[in-house]
Amino acid sequence: MEGLMMQQPLRVASLLTHAERHHGSQEIVSRRVEGDIHRYRFVELAQRARRMANALAGLGIKAGDRVGTLAWNGYRHMELYFAVSGSGAVLHTLNPRLHVDQLAYIIDHAEDQVVFFDLTFLPLIEAVAQRVQSPKVFVAMTDRAHMPATHTLPIMLLCYEDLIDSHTQVFDWPPLDENCASSLCYTSGTTGHPKGVLYSHRSTVLHTYAAALPDALNCSARDVILPVVPMFHVNAWGLPYIACMVGAKLVFPGPALDGKSLYELIEAEQVTLSAGVPTVWQGLLRHVGERGTTFTSMRRTVVGGAPCPTAMTAEFQERYRVDVLHAWGMTELSPVGTVCSFKAHQLSLSPQQRYSIQATQGRAVFGIDMKIVDADGSELPWNGISAGDLMVRGPWVTRGYFRSDDAQPLVDGWFPTGDVAKIDPDGFMQITDRSKDVIKSGGEWISSIDIENVACLHPDVATAVCIAAKHPKWDERPLLLIVKKPGRSLDSDELLAFFDGRVAKWWRPDAVVFIDEVPIGATGKVLKNRLRELYQDHYVSAR
Ligand code: AMP
């Protein structure tokens, strides 16, 4: 119809063009794998991304081709985010914590034509290179002076800075259809082969708008953002794109993710907002606590990927005046789904009431529609009590996996998250379990997460994992697997007695098995499926 708005496609490159024009002098600071600190401005990011786009064309990369990256959070990785996607190719971020066979599998599954890698990953790339067919070229993300003197790579190895130097910065980002693919990330794959989630330009830009909102990650041009969450895991929760959209300063930690290194970087660069999984924050809090120091600039931290323990929220907020934003998402959701920020009427609640709200994963950001359903698929009420399978839909939710032979996942247009959740009348969603991991005893749900949280309160427990074990009468019963703190002599009866009064009687695990360590997957999560394989017959064989 005449007089309507312009048809302006949503493209990843437009984020960079915006940052260059409107925030060109804003800084990007990176701790490099070479050991030093690098700093430059958005304007240089944009120039170098265009040079790299020319270099990719020179390497024969065409629209739709996949380009792999095996890299930490840093400015060269950021350049590739825009050079690859902006020129119409697909950025495939590879997770270095995957097993070498899984890495080889996904590189060939995606048919990556070129793989860029940080120097620290040379041994890994050498091992992967023996097992893959697809890549024609490897590129070491460093300068000539740091290029490896020798290597065993069977195909051509190029130098990143040589590619940048030998190409001009004159490049016009092509007028791509907003629905074409921009990037690809495989899920952590706790079962079977990892599965690829393919993001589009449109989904990425829409996700960026939503995730930057005040009640989501709350980012602005006044922020200094430190994404600890890796750029190889769901695009660092979208923060590199968000920083371009809002003009925030970016600080990249490179490979140094220990508490001391992070703290020094946070203070030196006056970081205001950081984001990461709870395990990373444990190391940071330990370091700051031991030194008896504090954060002079950090005001907010986004905690997600796993439940944020209330003790962590309390420590950040009470001791350091750093607000915790508990967020939930998935690779399949680009990843932001919900973020826990208060509504006005909750501000006057008691601290304890507010902590119980912050233990929830929060409210859906606009664009994400969610519901909880029972086993028959019927929708359950938002009463804060009924728990069911969490289903989502929205413009940045996957509709199926990349090149997958498996049945496509959607159910009546909704994506089943595999999480079990309840939602309160204010729309705050709380994950109570995972459906692949849930304990159903006599037809009723038991939350393994709650059981683990109680066990972790015991002073002798280092790690607690609760799994569903087969039971002849109840179908399943909870079984507790415990790693003790070194030198402690905890026994089963003492630990089980600890549950009295803390959970419903029928929730109390029937037995405890003490183990030396828990298996950890590529994204740092406990591989519960492996533990279930090992211990699921515990109650059956014990008879
Ligand atoms: P991934 O795709 O590897 O990021 O994993 C997504 C899954 O991690 C979700 O389906 C949840 O099971 C879990 N997860 C993510 N964020 C949270 C959170 N804040 N609390 C509990 N579980 C979470």
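Just so you know, these numbers come straight off a predicted model, no measurement behind them.

**Structural notes on the overall build of the protein chain**
In step 1: A tally of helices and strands in the protein chain yields 17 helices and 25 strands.
In step 2: On C-alpha atoms alone, the protein chain measures out to a radius of gyration of 24 Å, which is about the 24 Å that the 2.2 N^0.38 rule sets for 543 residues.
In step 3: Counting only C-alpha atoms, the protein chain reaches 70 × 55 × 55 Å along its principal axes.
In step 4: Relative to its 543 residues, the protein chain shows a buried fraction of 57%.
In step 5: The long-range fraction of contacts in the protein chain, counting pairs at least 24 apart against all pairs at least 6 apart in sequence, stands at 66%.
In step 6: Per element, the accessible surface of the protein chain, about 23,200 Å² overall, is 51% carbon and sulfur.
In step 7: Distance from the positive charge centre (52 side chains) to the negative charge centre (60 side chains) of the protein chain: 3 Å.

**Focus: the site of the ligand**
In step 1: Neighbouring residues of the ligand: 16 residues in total, closest Ala 327, Thr 331, Gln 361, Asp 419 and Lys 525.
In step 2: At a separation of 3.1 Å, a nitrogen atom of the ligand approaches a polar backbone atom of Gly 305.
In step 3: Burial of the ligand by the protein amounts to 94% of the accessible area it has alone, namely 500 Å².
In step 4: Where the shell around the ligand is concerned, the elements lending two or more residues are β14 (323-329) and β20 (429-434).
In step 5: Sorting elements by how many residues they give to the shell around the ligand places β14 first, with four residues.
In step 6: For the shell around the ligand, the class distribution of residues is six nonpolar, seven polar and three charged.

**Focus on the UniProt feature "domain: AMP-binding enzyme C-terminal" (unreviewed entry) in the protein chain**
In step 1: As recorded in UniProt, the sites labelled "domain: AMP-binding enzyme C-terminal" (unreviewed entry) are residues 451-525.
In step 2: Secondary structure across residues 451-525 comprises 17% helix and 33% strand; the distance between its end C-alpha atoms is 17 Å.

**Some thoughts on the environment of Ile 106**
In step 1: Tracing the backbone shows Ile 106 in helix α4 (residues 100-110).
In step 2: Sequence separation between Ile 106 and Ala 364 is 258 residues, and the spatial gap between their C-alpha atoms is 31 Å.
In step 3: If we ignore the near neighbours within four places in the chain, the residues touching Ile 106 are His 92, Leu 94, Leu 98, Tyr 186 and Pro 194.

**Considerations on the pairing of strand β1 (residues 27-31)**
In step 1: Taking burial as the measure, the five residues of β1 include five buried ones, the bulk of the element.
In step 2: Covered by surrounding structure in β1 are Glu 27, Val 29 and Arg 31 together with Ile 28 and Ser 30, the residues of both alternating faces.
In step 3: Judged from the five bridges that link them, β1 and strand β2 (residues 37-41) form a sheet pairing that is antiparallel. Paired with Ser 30 across the strands is His 38, a residue of β2.
In step 4: Taken together, β1 and the strand that follows it, β2, pair antiparallel across an intervening segment of five residues, in which Gly 35 is found at a positive phi of about 110 degrees.
In step 5: Pairing analysis gives three bridges linking β1 to strand β11 (residues 249-252), with the strands arranged parallel. Looking at β11, one finds that Ile 28 is bridged to Leu 250.

**A word on the nonpolar core**
In step 1: The biggest cluster of nonpolar side chains holds 91 residues, and the ones touching the most others in it are Met 52, Met 78, Phe 82 and Phe 116.
In step 2: Per element, the largest residue contribution to this core is eight residues, and it comes from helix α2 (residues 42-58).
In step 3: Look past the residues within four positions of Met 52 in its chain and what remains in contact with it is Leu 80, Ala 83, Phe 116, Tyr 160, Leu 163 and Ile 164.
In step 4: Trp 72, Leu 94, Phe 121 and Phe 138 belong to the second-largest nonpolar core, a separate cluster that totals 31 residues.

**Let's talk about the side chain of Ser 182**
In step 1: Relative to the helices and strands, Ser 182 resides in strand β8 (residues 181-186).
In step 2: By relative accessible area, which is 0% here, Ser 182 ends up buried.

**Focus: the sheet that holds strand β15 (residues 336-340)**
In step 1: Strand order in the open sheet formed by nine strands is β2-β1-β11-β10-β12-β13-β14-β15-β16, and the pairing between neighbours is mixed. Two strands close off the open sheet at either side, each with one partner strand: β2 and β16 (363-364).
In step 2: In terms of strand pairing, β14 meets β15 through four bridges, oriented antiparallel. Each residue of the ladder has a partner; that of Trp 328, found in β15, is Thr 338.

**Concerning the domain arrangement of the protein chain**
A common way to report how large an interface is uses the accessible area buried once the components associate.
In step 1: Here the protein chain is partitioned into domain 1 (12-19 + 38-201) and domain 2 (439-541).
In step 2: Here the C-alpha centre of domain 2 lies 41 Å away from the C-alpha centre of domain 1.

**Here's the deal with the packing of aromatic side chains**
In step 1: One pass over the full model with this rule turns up 12 aromatic pairs.
In step 2: With a centroid separation of 5.1 Å and an interplanar angle of 35 degrees, the aromatic rings of Trp 72 and Phe 121 are classed as tilted. Taken as a pair, Trp 72 in the loop between β3 (66-70) and α3 (75-86) and Phe 121 in the loop between β5 (112-117) and α5 (122-129) lie far apart in primary sequence, 49 residues in all. In this pair, the class of Trp 72 matches that of Phe 121, namely buried.

**Focus: unusual backbone geometry**
In step 1: Cis geometry marks the peptide bond from Ser 334 to Pro 335; its omega dihedral reads 5 degrees.
In step 2: By the element assignment, Pro 335 lies in the loop between β14 and β15.
In step 3: We note that Val 234 has phi near 50 degrees; this positive angle belongs to a residue other than glycine.
In step 4: Residue position: Val 234 is located in helix α8 (residues 234-237).
In step 5: Backbone geometry at Trp 237 places phi at a positive 55 degrees, although glycine is not the residue there.

**Here we look at the pairing of β8**
In step 1: Burial analysis of β8 places five of its six residues in the buried class, the great majority of the element.
In step 2: In the sheet, strand β4 (residues 90-93) pairs with β8 via three bridges, with the strands oriented parallel. From the neighbouring strand, Thr 93 faces β8, where its bridge partner is Cys 185.
In step 3: Where β8 and strand β9 (residues 196-200) come together, five bridges link them in antiparallel fashion.

**Re helix α11 (residues 278-291)**
In step 1: Compared with the 20 Å implied by 1.5 Å per residue over 14 residues, the 20 Å span of α11 between its first and last C-alpha is a close match.
In step 2: All buried positions along α11 are accounted for by Pro 278, Val 280, Trp 281, Leu 284, Leu 285, His 287 and Val 288.
In step 3: Elements in contact with the buried residues of α11: α10 (259-269), β12 (273-276), β13 (300-304) and α12 (310-320).
In step 4: Where α11 terminates, the next one or two residues include Gly 292, which has phi positive at roughly 65 degrees.

**A look at the environment of Pro 459**
In step 1: Residue placement: Pro 459 occurs in the loop between α14 (448-457) and β23 (461-471).
In step 2: Spatially, the C-alpha atoms of Pro 459 and Arg 488 are 9.3 Å apart, while their sequence positions differ by 29 residues.
In step 3: When sequence neighbours within four positions are dropped, the list of residues in contact with Pro 459 reads Lys 485 and Arg 488.

Each value, and the rule that gives it
Residues numbered from 1 in each chain as written. Predicted model: local features only at pLDDT ≥ 70, side-chain atom pairs only at ≥ 80, totals over all residues. Heavy atoms only, no water. Helix = DSSP H or I, 4+ residues; strand = E, 2+ residues; numbered from the N terminus. Rg over C-alpha atoms; globule rule 2.2 N^0.38 Å. Buried < 20%, exposed > 50% of the residue type's maximum accessible area, 1.4 Å probe, protein only. Contact = heavy atoms within 4.5 Å. Areas by Shrake-Rupley, 256 points an atom, 1.4 Å probe, with all protein chains shown as cover. Lys, Arg positive; Asp, Glu negative; His and termini not counted. Charge placed at Lys NZ, Arg CZ, Asp CG, Glu CD. Near = heavy atom within 4 Å. Polar contact = N/O pair within 3.5 Å; in protein donor to acceptor, adjacent residues only side chain to side chain. Nonpolar A, V, L, I, M, F, W, Y, C, P; charged D, E, K, R; others polar. UniProt positions renumbered as here; feature names shortened; annotations may be inferred. Pairing = 2+ DSSP bridges. Core = buried A, V, L, I, M, F, W, Y, C linked by side-chain atoms within 4.5 Å. Domains from an automatic or database assignment. Phe/Tyr/Trp six-rings, centres within 6.5 Å; stacked < 30°, edge-to-face > 60°. Expected span 1.5 Å × (residues − 1).

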